[in-house]
Amino acid sequence: MKISEQEKQELEELYHFFLTHEKTQKMKDVQMHRGSNTFLHSFKVAKLAIKRALRHKKVNLKAILVASILHDYYLYDWRTEKQYKAHHAQNHPFIAAENAKKDFGIDDEIMKIIQTHMWPFNIKRFPETKEARIVNFADNRIALKEALTSRAHKERHREKELKFIEKLF
Ligand SMILES: [Fe+2]
Ligand SMILES: [Fe+2]
């Protein structure tokens, strides 16, 4: 879909709002995928999701953007906090959605996208809307990439990656 300069600007501002928000900074302390963290991961997912979304006709870009930024907003480290360890994969989408609702007042559409982002791992939680499938796809793609690169590789590219997520477009 084609979007106007004005729409582009609005999305960029929304992205920036979350990028610099004091609450999202907490995601920087949550480690994942060998040397990555949920902050870096989530903004990479958001950029890919928006890029993909623009290939579709008529999708809710704002919902995709907010859901992808907050899809892993669970804010605990399952490696160290034992009570979360056993069912992290199944539970974190729901914890993230609840946290996001509490901290940012997200609506039901965005909550639903967050809750279904772990499909097919959570086989019963199929992403039912186009928006949810786009976020699900982007998350799977980025997670796989992160899982396949070493910690050392990530450290070498840290600066480049931080630069990469500075802007949505
Ligand atoms: Fe996740
Ligand atoms: Fe994720």
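Residues numbered from 1 in each chain as written. Chains lettered and ligands numbered in written order. Predicted model: local features only at pLDDT ≥ 70, side-chain atom pairs only at ≥ 80, totals over all residues.

A. Local environment of the environment of Lys 44. Counting through the fold element by element, Lys 44 comes out in helix α2 (residues 38–53). Of the residues examined, Lys 44 has 22 C-beta atoms within 10 Å and is grouped as buried. Residues Lys 44 and Ser 68 lie 24 residues apart in sequence; the distance between their C-alpha atoms is 9.0 Å. Every residue in contact with Lys 44, bar those within four places of it in the chain, is listed here: Ile 142 and Ile 165. (Helix = DSSP H or I, 4+ residues; strand = E, 2+ residues; numbered from the N terminus. Buried ≥ 20, exposed ≤ 12 C-beta atoms within 10 Å, placed from the backbone. Contact = placed C-beta atoms within 7 Å.)

B. Region of interest: the nonpolar core. The biggest cluster of nonpolar side chains holds 35 residues, and the ones touching the most others in it are Ala 49, Ile 64, Ala 67 and Leu 70. Every element with two or more residues in this core is listed here: α2, α3 (61–70), α5 (88–104), α6 (108–115) and α7 (130–148). Ignoring sequence-local partners within four residues, the contact set of Leu 70 consists of Ala 96, Ala 100, Phe 104, Ile 106 and Ile 114. (Core = buried A, V, L, I, M, F, W, Y, C linked by C-beta atoms within 7 Å.)

C. Seen up close, α7. End to end, α7 covers 27 Å across 19 residues, agreeing with the expected 27 Å (1.5 Å per residue, within 8%). Every buried residue belonging to α7 is among Glu 131, Ala 132, Ile 134, Val 135, Asn 136, Ala 138, Asp 139 and Ile 142, and all of these are buried. Of the surrounding secondary structure, the elements contacted by the buried residues of α7 are α2, α3 and α6. (Expected span 1.5 Å × (residues − 1).)

D. Summary view of unusual backbone geometry. The omega angle of the peptide bond from Trp 119 to Pro 120 is 5°, so this bond is cis rather than trans. Mapped onto the fold, Pro 120 is located in the loop between α6 and α7. Non-glycine residue Lys 58 carries a positive phi angle of around 45°. Among the secondary structure elements, Lys 58 is positioned in the loop between α2 and α3.

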